[in-house]
Amino acid sequence: MDYPELALHIAGQWRTQTAGGRRAVVNPATEEVIAQLPLAGRDELAEAAESARRGFVQWRGKSALERCNILRTAAQTIRAQAKTIAQVLTLEQGKPLAESLREVTLSADIVDFQAEEAKRLYGRLVPPRVEGILSQSVMRQPVGPVAAFTPWNFPANLPARKLASALAAGCSVVIKPAEETPGTCMLLVRAFLDAGVPPDALNMVCGDPAEVSSFLIDHPAIAKVSFTGSVAVGKLLGEQAARHVKRFTGELGGHAPVIVCDDADFPFALKQSLAAKFRNAGQVCASPIRFYVPRRRFGEWSEAFVQAARALRLGDGSDPATQMGPLAHARRIEDMQRFVDDAVERGAQLLCGGHRVQRPGYFFEPTVIANAPADSRVMRQEPFGPIAVLQPYDTLDEAIAQANALPYGLGAYAFTRDLQTAHRLGDALEAGMVGINHFGVSQPEMPFGGWKESGIGQEMGAEGLLHYTEVKTLTVGVPS
Ligand SMILES: NC(=O)C1=CN([C@@H]2O[C@H](COP(=O)(O)OP(=O)(O)OC[C@H]3O[C@@H](n4cnc5c(N)ncnc54)[C@H](O)[C@@H]3O)[C@@H](O)[C@H]2O)C=CC1
Ligand SMILES: O=Cc1ccc(S(=O)(=O)O)cc1
């Protein structure tokens, strides 16, 4: 598999020689260096922001239909190149190739959906309350140049969400993908530019994340900030944006509960839960973490869960036999070990896993912990890895209370055969996305966003586009 030569896109040029030095990109399955990433210096960041200012004027001047057609052409290119992009994604991020391929084709669907939504950015005509007014309208206009920051867990999907909505709304973008996984984003950016997005309307930079974000958020050309990543960093960037009263969307961390009801179809719930838990090695913001299981069926659930977790085939994502790949970088391994050690020290039971796999690559065993005390780190912070926590409960009220007990609210799930219980849980669970009897809450047509500390605003769906717009009212009176 080939990994491309990396370049940044600044002020209409692809640049391989930059002022900020270079950083190695590593294949997490082998720990081998696969490329050198050029990093932007401060002057180049300024060039990118100024370029976005110019690009905004050009891009917002196009009709919604034109923007739609250009974005749909980009989606077609992404689909046509899906296999190549997926291979690059697996090389830099580690997930199994089949998962990468699904991610890339879903990214094309996200672009298509937002492209079509561009044509439906409707306003309203409001009857005037006084005489002499010809029209009184409410409209949506693009917010302006956007600084977008995306992490390494979904190197195609998360840039696609931001680029599709921002560009569909008529905004220009400076995107900074994660330095661990820049190749996939570079190929997406190329697809948008080849499709006809003006060169100044789409810049891609990399560098030291804190320096780049600080520089861009403060830069007067940037009107909006969109970030996906941890709650801690989201708060920092949100605060910095707020100082300038700049618009901010944050897709932050979660700690998703799964309530398995007494009446659930256990084999079905188990199969779905295992697939969702260990997908992308658990590095998914809406990944299920806390499984609440009726006490009388706890043993049955734990045994089956552990057996299936132990049976997972770990390996290089480019091997078709692999079911779970490595973690994305070395820091994740250290973090997993801290979560496990802390839980065990505080009295939790380690049912399986809990260690780094002794081979090259950042592999961590699928891990199942039971009866973790509420003050253990794994019950308070998102592990963002292949760790499941199984907790018994006695009443549904108690399970709901525990599910809602954390200051996060991204995904929440439940399994039940009873329609009334399904609706009760759908109402009671405090999360932006609730899945009953399934985990597929991330769809191009549906808004995706968190409650509480899990974020602010939504991406995808019709709502996703609105966050890249400002409301303007226009009142036209009779000339004299
Ligand atoms: N919501 C999500 O999809 C993601 C959440 N995370 C959360 O972050 C935690 C830590 O992840 P790590 O990669 O180990 O650490 P990290 O916090 O250094 O990096 C996470 C992501 O945020 C970016 N980032 C970090 N500081 C930034 C800053 N000041 N400005 C702009 N971007 C910045 C990084 O480039 C990276 O893409 C995870 O445990 C997980 O909870 C991480 C990746 C994705
Ligand atoms: O990290 C958040 C995230 C990204 C993508 C998806 S999905 O592939 O669309 O399911 C889910 C969560």
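Treat the numbers as computed from the prediction; the structure is a model and nothing was measured.

Conventions and cut-offs
Residues numbered from 1 in each chain as written. Chains lettered and ligands numbered in written order. Predicted model: local features only at pLDDT ≥ 70, side-chain atom pairs only at ≥ 80, totals over all residues. Heavy atoms only, no water. Helix = DSSP H or I, 4+ residues; strand = E, 2+ residues; numbered from the N terminus. Rg over C-alpha atoms; globule rule 2.2 N^0.38 Å. Contact = heavy atoms within 4.5 Å. Areas by Shrake-Rupley, 256 points an atom, 1.4 Å probe, with all protein chains shown as cover. Near = heavy atom within 4 Å. Polar contact = N/O pair within 3.5 Å; in protein donor to acceptor, adjacent residues only side chain to side chain. Nonpolar A, V, L, I, M, F, W, Y, C, P; charged D, E, K, R; others polar. Pairing = 2+ DSSP bridges. Axes fitted to C-alpha atoms, helices over the stretch in contact; angles between N-to-C directions. UniProt positions renumbered as here; feature names shortened; annotations may be inferred. Buried < 20%, exposed > 50% of the residue type's maximum accessible area, 1.4 Å probe, protein only. Core = buried A, V, L, I, M, F, W, Y, C linked by side-chain atoms within 4.5 Å. Parallel < 35°, antiparallel > 145°, perpendicular 65-115°, else oblique. Left-handed = near helix turned anticlockwise from the far one by under 90°. pLDDT = per-residue confidence, 0-100. Phe/Tyr/Trp six-rings, centres within 6.5 Å; stacked < 30°, edge-to-face > 60°. Lys NZ or Arg CZ within 6 Å of the ring centre and 35° of its normal.

## Re the overall build of the chain
- The number of helices and strands found in the chain is 14 helices and 22 strands.
- Against the compact-globule benchmark of 23 Å for 480 residues, the chain has a radius of gyration of 23 Å, which places it among compact chains.
- Along the first, second and third principal axes, the C-alpha atoms of the chain reach 80 × 60 × 40 Å.
- Of the contacts made within the chain by residues no fewer than 6 positions apart, 72% connect residues no fewer than 24 positions apart.
- For the chain, the accessible surface area stands at approximately 19,200 Å², while carbon and sulfur atoms represent 52% of it.

## Section: the site of ligand 1
- Taken together, 24 residues form the shell around ligand 1, and within it Trp152, Ser213, His329, Arg332 and Glu382 come nearest.
- His329 places a polar side-chain atom, nitrogen or oxygen, 3.0 Å from an oxygen atom of ligand 1.
- Contact distances for ligand 1 include 3.0 Å between an oxygen atom and a side-chain N or O atom of Arg332.
- About the coverage of ligand 1: the protein hides 85% of its 780 Å² of free accessible area.
- Contributing elements (two or more residues each) for the shell around ligand 1: α7 (209-218), β10 (224-228), α8 (231-243) and α11 (330-345).
- If one sorts the elements of the shell around ligand 1 by residue count, α7 sits on top with three residues.
- Grouping the amino acids of the shell around ligand 1 by side-chain chemistry returns eleven nonpolar, seven polar and six charged.

## Some details on the sheet that holds strand β12 (residues 256-260)
- With mixed pairing, seven strands are arranged side by side in an open sheet as β14-β15-β16-β13-β12-β18-β19. Both outer strands of the open sheet, β14 (349-352) and β19 (433-436), are each paired with one neighbouring strand and no more. The average undirected angle you get between the axes of adjacent strands in this sheet is 20°.
- With four bridges connecting them, strand β18 (residues 411-415) and β19 associate as parallel partners. Counted as the bridge partner of Tyr413 is Gly435 from β19.
- Helix α9 (residues 266-278) contacts β12, β13 (288-294), β15 (367-370), β16 (387-393) and β18 of the sheet and is inclined by roughly 160° relative to β13.

## Points about the site of ligand 2
- Taken together, the residues surrounding ligand 2 are Leu106, Asn153, Phe154, Asn157, Leu158, Arg161, Arg279, Val284, Cys285, Ser442 and Phe448.
- At 2.6 Å, a side-chain N or O of Arg279 approaches an oxygen atom of ligand 2.
- Taken by itself ligand 2 offers 320 Å² of open surface, and the protein chains cover 92% of this.
- Counting residues per element, the shell around ligand 2 draws most heavily on helix α5 (residues 157-169), which supplies three residues.
- For the shell around ligand 2, the per-class residue count stands at six nonpolar, three polar and two charged.

## Remarks on the UniProt feature "domain: Aldehyde dehydrogenase" (unreviewed entry) in the chain
- What UniProt calls "domain: Aldehyde dehydrogenase" (unreviewed entry) maps, in this numbering, to residues 15-473.
- End-to-end, the C-alpha atoms of residues 15-473 are 42 Å apart, and along that stretch the chain is 41% helix and 20% strand.

## Quick word on unusual backbone geometry
- The backbone phi angle of Ala281 is positive, close to 50°, even though this residue is not glycine.
- One non-glycine residue with positive phi stands out, namely Met460, at about 70°.
- On the secondary structure map, Met460 appears in the loop between β21 (455-456) and α14 (461-466).
- Look at Met460 and you get buried, because its relative accessible area is 1%.

## Some remarks on the environment of Thr416
- When you line up the elements, Thr416 lands in the loop between β18 and α13 (419-428).
- Measuring from C-alpha to C-alpha, the distance between Thr416 and Asp263 comes to 5.7 Å, with 153 residues separating the pair along the chain.
- Leaving out residues up to four positions away in the same chain, Thr416 has contacts with Cys261, Asp263, Ala264, Thr421, Ala422, Ile436 and Asn437.
- A polar atom in the side chain of Thr416 sits 3.0 Å from the side chain of Asp263.
- Engagement of the side chain of Thr416 in a polar contact is seen with the backbone nitrogen of Asp418, the distance being 3.0 Å.

## Description of the nonpolar core
- Among the nonpolar cores identified, the biggest contains 149 residues, and Ile259, Trp301 and Phe305 are the most heavily contacted of them.
- Tallying contributions element by element places helix α6 (residues 182-195) first for this core, with nine residues.

## A short note on the packing of helix α1 (residues 42-60) against α7
- It is at 10 Å that the axes of α1 and α7 come closest, and there the two elements cross at 40°. The angle between α1 and α7 falls in the class oblique. Once α1 is placed against α7, the crossing between them reads as right-handed. Contacts from Arg42, Leu45, Ala46 and Ala49 of α1 reach α7 at Val212, Phe215 and Leu216.
- A breakdown of the residues in the contact of α1 with α7 according to their chemical character gives six nonpolar, no polar and one charged.

## Some points on the confidence of the model for the chain
- Taken as a whole, the chain shows an average pLDDT of 98; of its residues, 100% reach a score of 70 or greater.
- ipTM for the predicted complex: 0.96, alongside a pTM of 0.98.

## Digging into the packing of aromatic side chains
- Under the definition given, this model contains nine aromatic pairs.
- An angle of 70° between the planes, with centres 6.1 Å apart, marks the rings of Phe268 and Phe415 as edge-to-face. Note that Phe268 is positioned in helix α9 and Phe415 in strand β18, a separation of 147 residues in sequence.
- On the accessibility criterion, Phe268 (35% relative accessible area) is partly exposed.
- Among the aromatic residues, ring-to-ring pairing joins Phe266, Phe278, Phe291, Trp301 and Phe305 into one connected group.
- Positioned above the aromatic ring of Phe266, the side-chain terminus of Arg297 is 3.6 Å from the ring centre.
- Its end group placed over the ring of Phe363, Arg359 keeps NZ or CZ at 4.3 Å from the ring centre.

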